Amino acid sequence: MKDFHGKVAVITGAASGLGRAFAQKGAQLGMKLVLADIDGDAMSDVVESLAATGADVIGLPTDVSDATQVEALARRALDAYGKVHLLFNNAGVGASGLLWEMSANDWSWVLGVNVMGVAHGVRVFTPIMLRQNEPAHIVNTASVAGLISPPSMGIYNASKHAVVSLTETLYHDLRRVGAPVGCSVLCPAFVPTGIAEAERSRPAHWRNESPPTASQLLAGRELRRAVRSGKLSASDIASAAYDAVRADRFYVITHPAIMASVRARHEEIEQMRAPTDPLPPSPEQR
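About the cut-offs
Residues numbered from 1 in each chain as written. Predicted model: local features only at pLDDT ≥ 70, side-chain atom pairs only at ≥ 80, totals over all residues. Heavy atoms only, no water. pLDDT = per-residue confidence, 0-100. Contact = heavy atoms within 4.5 Å. Axes fitted to C-alpha atoms, helices over the stretch in contact; angles between N-to-C directions. Helix = DSSP H or I, 4+ residues; strand = E, 2+ residues; numbered from the N terminus. Parallel < 35°, antiparallel > 145°, perpendicular 65-115°, else oblique. Left-handed = near helix turned anticlockwise from the far one by under 90°. Nonpolar A, V, L, I, M, F, W, Y, C, P; charged D, E, K, R; others polar. Salt bridge = Lys/Arg side-chain N within 4 Å of Asp/Glu carboxyl O. Buried < 20%, exposed > 50% of the residue type's maximum accessible area, 1.4 Å probe, protein only.

### Focus on the confidence of the model for the protein
Across the protein, the average pLDDT comes to 93, with 93% of residues at or above 70. Residue range residues 282-286 is modelled with pLDDT below 50. Its contacts to residues more than four positions away, or to other chains, number 8 contacts.

### Considering the packing of helix H4 (residues 104-132) against helix H5 (residues 154-176)
Between H4 and H5, whose axes approach to 9 Å, the crossing angle comes to 15 degrees. Between H4 and H5, the angle is such that the two are roughly parallel. In this structure, the crossing between H4 and H5 has a hand that is right-handed. Residues Asp-106, Trp-107, Val-110, Leu-111, Asn-114, Val-115, Val-118, Ala-119, Val-122, Thr-126 and Leu-130 of H4 form the contact with H5, whose own contacting residues are Ile-155, Tyr-156, Ala-158, Ser-159, Lys-160, Ala-162, Val-163, Leu-166, Leu-170 and Leu-174. Taken together, the residues of the contact of H4 with H5 sort by class into 16 nonpolar, 3 polar and 2 charged.

### Let's talk about the pattern of salt bridges
Opposite charge on two side chains permits pairing when their charged atoms draw close. Following the criterion strictly, the structure yields 6 salt bridges and no others. Asp-106 is the salt-bridge partner of Arg-202, the closest N and O atoms lying 2.9 Å from each other. One end of the pair, Arg-202, is in the loop between strand E6 (181-186) and helix H6 (214-228); the other, Asp-106, is in helix H4, and 96 residues separate them in sequence. In this pair, the class of Arg-202 matches that of Asp-106, namely buried. Note that Asp-243 and Arg-246 form a salt bridge whose closest N and O atoms lie 3.1 Å from each other. Here the residue Asp-243 and the residue Arg-246 both occupy positions in helix H7 (residues 234-247), the gap between them amounting to 3 residues, near one helical turn.

### Quick look at unusual backbone geometry
Even without a glycine there, the phi angle at Asn-133 is positive, about 55 degrees. Counting through the fold element by element, Asn-133 comes out in the loop between H4 and strand E5 (136-141). By relative accessible area, Asn-133 is classed as exposed at 58%. Phi at Met-272 is positive, roughly 55 degrees, even though this residue is not glycine. Inspection of the secondary structure assignment puts Met-272 in the segment after helix H8 (259-270).

In structure tokens form, the structure reads like this:
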């Protein structure tokens, strides 16, 4: 997919961070935009700001963990524009801390959004793209946490490894049927976005009654510090993602320095060694 002008993009998690940057870049390229986010008020602000620049954009509050809401998002896109050419399965959340201290609600929330949100997007939108029989593309947002396994990020790591594997399989399946539909998996490292504040969007039915543990508080502080220190902006990541779509490139690794840790992990698997910590401990953890 090389031509974006006039094409239709659906973007989940579009109210902030990478999703908002994907929408802004799409608007610059002349795309018609369908934005989705669980935070309806914040999403409406993004829709209004983009519309004020002349963008053709609509939005629909959507909890991507709910299959029926993703199906409603697809109907809204087709009712408005008739087609879907580019899908960013981008909505994501995180919970961190020692793995055995994570609650059942933590698991349900993170896997529901990060894994099932992508699965619902693929299940609902891929048939639409196949029926169109014209160039289209799906970008699934994973993370470097889908390529390595940092400590105190167990649920997030598991969810992003699932997204990487799901997208690799999608790539093979699309080619088996000879579809003009491409896909990419986006694996950024730390980027200054709102991922460290994802707790604010946790639905009431997945909230924890118990206060966070010491490990969870420490992991949260470490995550906020790492996110703030990110050298690339959300706009930089968005540009890299659109470049990958244009080039039909599958792996989108925006922070190449992480590849040393990826190679080390692969070597450990090949040589059947125990895994090493891919991230050095902070002073608080020593």
